[in-house]
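Understanding the architecture of this molecule
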Amino acid sequence: MSLPPPQITRVTGARVSCDGAHDGIPAALGHPRVFLEIDEHGYVDCGYCDRRFVLIGGPADGADQTQLPDHGAGASV
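The structure displayed is predicted, hence computed values, not measured ones.

The next thing to look at is the pattern of salt bridges. Applying the stated criterion to the full structure yields five salt bridges. Notably, a salt bridge pairs Asp 61 with Arg 10, separated by 2.9 Å at the nearest N-O pair. With a gap of 51 residues between them, Asp 61 in the segment after strand S5 (52-55) and Arg 10 in strand S1 (residues 8-11) connect regions that are remote in the sequence. Residue classification places Asp 61 among the partly exposed positions, given a relative accessible area of 26%. Taking the shortest distance from any N to any O, the salt bridge between Arg 15 and Glu 37 comes out at 3.7 Å. In this pair, Arg 15 sits in strand S2 (residues 15-18) while Glu 37 sits in strand S3 (residues 34-37), placing the two residues 22 residues apart along the sequence. Look at Glu 37 and you get partly exposed, because its relative accessible area is 33%.

Here it is in structure tokens:
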């Protein structure tokens, strides 16, 4: 069994950005802002902080996140 991602964020659009800011952590203490594209898998993982972005209504929405492999494709700086 694999470990679940440390944080899952459900989003309404396929293009998202991540700077590591969450749960009281300001962007200044996070990581460089990256833009990620959710593809046909329905989710994408940030290569810096491992936050998973899941497209609402996509194939990964409602799935057991521990069963999905890491998927960081589509990342750009």
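Time to look at the nonpolar core. A general feature of soluble globular proteins is that nonpolar side chains tend to end up buried together. Within the largest apolar cluster, 10 residues are counted, these being Val 11, Val 16, Cys 18, Val 34, Leu 36, Ile 38, Val 44, Cys 46, Phe 53 and Leu 55. Counting residues per element, the ones that place at least two in this core are S2, S3 and S5.

Turning next to the sheet that holds S1. Sheet strands pair via backbone hydrogen bonds, and the direction of the pair is either parallel or antiparallel. Here we have three strands laid out as an open sheet, ordered S1-S5-S4, and mixed in their pairing. The open sheet terminates on both sides in strands that have one partner only, identified here as S1 and strand S4 (43-45). Neighbour-to-neighbour, the strand axes of this sheet turn through a mean angle of 20°, independent of strand direction. Note that S1 and S5 share four bridges and pair parallel. Bridge pairing in S5 links Thr 9 to Phe 53.

About the thresholds
- Residues numbered from 1 in each chain as written.
- Predicted model: local features only at pLDDT ≥ 70, side-chain atom pairs only at ≥ 80, totals over all residues.
- Heavy atoms only, no water.
- Salt bridge = Lys/Arg side-chain N within 4 Å of Asp/Glu carboxyl O.
- Helix = DSSP H or I, 4+ residues; strand = E, 2+ residues; numbered from the N terminus.
- Buried < 20%, exposed > 50% of the residue type's maximum accessible area, 1.4 Å probe, protein only.
- Core = buried A, V, L, I, M, F, W, Y, C linked by side-chain atoms within 4.5 Å.
- Pairing = 2+ DSSP bridges.
- Axes fitted to C-alpha atoms, helices over the stretch in contact; angles between N-to-C directions.

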